[in-house]
Amino acid sequence: MSISQAQSPAKPGLALWHKILIGMVLGVIAGAILGPNAEVLKPIGTLFINAIKMLIVPLIFCSLVVGVTSLEDTRKMGRIGMKSVALYLGTTAVAITIGLTLAAVFMPGAGLNMAVEAGAATGKDAPPLVQTLLNIIPKNPINALASGNILQIIAFAIGLGIALTLVGEKAKPAIAVFDSLAEAMYKLTEMVMKLAPYGVFGLMAWVAGKYGLEILLPLIKLVALVYIGCILHVVVVYSGIITTIGGLSPVRYLKGVLNPAAVAFTTTSSSGTLPATIKAAREELGVSKGISSFVLPLGATINMDGTALYQGVCALFIAQAFGIDLTTSDYLLIIMTSTLASIGTAGVPGAGLIMLSLVLTTVGLPIEGLAIVAGIDRILDMARTSVNVCGDMMVSAIVGKSEGELDTAIYNKESRIS
Ligand code: ASP
């Protein structure tokens, strides 16, 4: 994927996320003034939500096929690829579990009492997990695409990606088509995101008009929980793996990730941070060139622990806000969908929000919940992108160490970052 295309060049004027935040504030003000009459502004938001829905199927399908075919090197590098992918996906599942646990304990969305629109999906519409697992292989992939069955689409895309990789030379044109379609979808995402300030304005006006200003406290709770979860994941899970599996100093790891984490925090793009990540892995953690240049780009594409954690917290927040009880199979479905979806999430600003709509759709939660989260998404994106990058660095160190490709002299040296 081309990073330059996925990110807007720096333009004079307000950054998109500033506009979204302004849209949110103005929306809340308009809602407070207009009260229930703010409903007239809702169609602007509905337009934005529909545009996001439009993106889900083609975006996930194309980017997953491309994501899997980009694993071509995995076959060549066999063991290293397997280790990296296992660590990437394993930690992603842990991250989302942390997110779900925090949200289940602290209930950030409780008391919001939002009503599900008539005809909208609710958690109860989701089929039991066993049935979902059995149905994961689509009998008819076109039908899966047309009906938006996300798990079936993911299964088919992964299968197609593997097949294209195995075919080799003859599959190159098809891979190029998916590649360019995926690029077009990233572009379309960028275009849709330009609507976000207006959409967020309309939706926030409606939400604030209908439910009052009490909406703000749960949002503050949501931000706090995502940040706490992100810190826990890096300090406990990553440092724990570095210490136990890697036999390395967690303090050195935490110092080594500082620079790229700061870049990620400000750019909210793990793909955009890649050069800083590779530099830090080599110079701060002593990971070899070979390992860092394979494991890190792979991680920037398929490893999204921060995004998964955020999806866990937000999915539950939305369920609580709409008063929908989730079953154990719903929780497992969220873990599975987010883990798989993380493979197809582009490392660009705001991609996680689109993927959240995918998780909501799969579990049968109201997609309107996105509106509440969208206004503060940038603040959440900063934390989750930093975690995504710290995860890539952790895996590069562990894989490097296990392959004898980590220079412990560099790893243990006094950091230049104080
Ligand atoms: N911005 C994130 C990243 O680049 C993806 C996301 O939106 O969660 O890693």
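What counts, and where the lines are drawn
- Residues numbered from 1 in each chain as written.
- Predicted model: local features only at pLDDT ≥ 70, side-chain atom pairs only at ≥ 80, totals over all residues.
- Heavy atoms only, no water.
- Helix = DSSP H or I, 4+ residues; strand = E, 2+ residues; numbered from the N terminus.
- Buried < 20%, exposed > 50% of the residue type's maximum accessible area, 1.4 Å probe, protein only.
- Contact = heavy atoms within 4.5 Å.
- Axes fitted to C-alpha atoms, helices over the stretch in contact; angles between N-to-C directions.
- Parallel < 35°, antiparallel > 145°, perpendicular 65-115°, else oblique.
- Left-handed = near helix turned anticlockwise from the far one by under 90°.
- Nonpolar A, V, L, I, M, F, W, Y, C, P; charged D, E, K, R; others polar.
- Salt bridge = Lys/Arg side-chain N within 4 Å of Asp/Glu carboxyl O.
- 1 Å grid on protein atoms, 1.4 Å probe; cavity = no way out; pocket = protein on both sides within 12 Å on 5 of 7 lines; lining within 4 Å.
- Points joined across faces, edges and corners; volume = space filled by probe spheres on them.

Q: Is there a simple way to explain the environment of serine 270 in this structure?
A: Along the polypeptide, serine 270 turns up in helix H13 (residues 270-283). By relative accessible area, serine 270 is classed as buried at 2%. Considered as a pair, serine 270 and glycine 299 are 29 residues apart in the sequence and their alpha carbons are 9.0 Å apart. Setting aside anything within four residues of it in sequence, one finds serine 270 in contact with Ala300, Met304, Gly347, Thr385, Asn388 and Val389.

Q: Quick question: what am I supposed to make of the packing of helix H2 (residues 16-34) against helix H9 (residues 196-211) here?
A: Two measures define how a pair of helices packs: the angle their axes make with one another and the distance between the axes. Close contact between H2 and H9 brings their axes to 7 Å; oriented N to C, the two are set at 25°. In terms of orientation, H2 lies roughly parallel with respect to H9. In the packing of H2 onto H9, the handedness of the crossing is right-handed. Contacts between H2 and H9 involve Leu16, Lys19, Ile20, Gly23, Met24, Leu26, Gly27, Val28, Ala30 and Gly31 from the first element and Ala196, Pro197, Val200, Phe201, Met204, Ala205, Ala208 and Gly209 from the second. Split by residue class, the contact of H2 with H9 holds 13 nonpolar, four polar and one charged.

Q: What's the story with the pattern of salt bridges in this structure? I'm lost.
A: Any two side chains of opposite charge can pair if their charged atoms end up close together. Under the criterion given, the structure shown has six salt bridges. Of the charged contacts in the structure, one is a salt bridge between glutamate 403 and lysine 83, with a shortest N-O distance of 2.5 Å. You can see glutamate 403 sitting in the loop between helix H19 (377-402) and helix H20 (408-412) and its partner lysine 83 sitting in helix H4 (residues 72-106), a full 320 residues away along the chain. One salt bridge connects arginine 384 with aspartate 381, and the closest N-O pair in it is separated by 3.3 Å. Taken as a pair, arginine 384 and aspartate 381 lie in helix H19 at a separation of three residues, close to a single helical turn. Of the two residues, arginine 384 and aspartate 381, neither departs from the other in class, the shared state being buried. Members of the salt-bridge network, linked through shared partners, are Asp377, Asp381 and Arg384.

Q: Can you help me understand empty space enclosed by the protein in this one?
A: Regions of empty space are outlined by a rolling probe, equal in size to a water molecule, passed over the atoms. Across all of its chains, the model carries two cavities of 30 Å³ or more by this definition. Approximately 70 Å³ is the volume attributed to the largest cavity. Taken together, 15 residues line the largest cavity, and the ones lying closest to its centre are Thr307, Ala346, Val348, Asp381 and Asn388. If you tally residues by element for the lining of the largest cavity, the top one is H19, at four residues. Of the residues belonging to the lining of the largest cavity, the class tally is four nonpolar, nine polar and two charged.

Just geometry here; none of it tells us what the structure is for.
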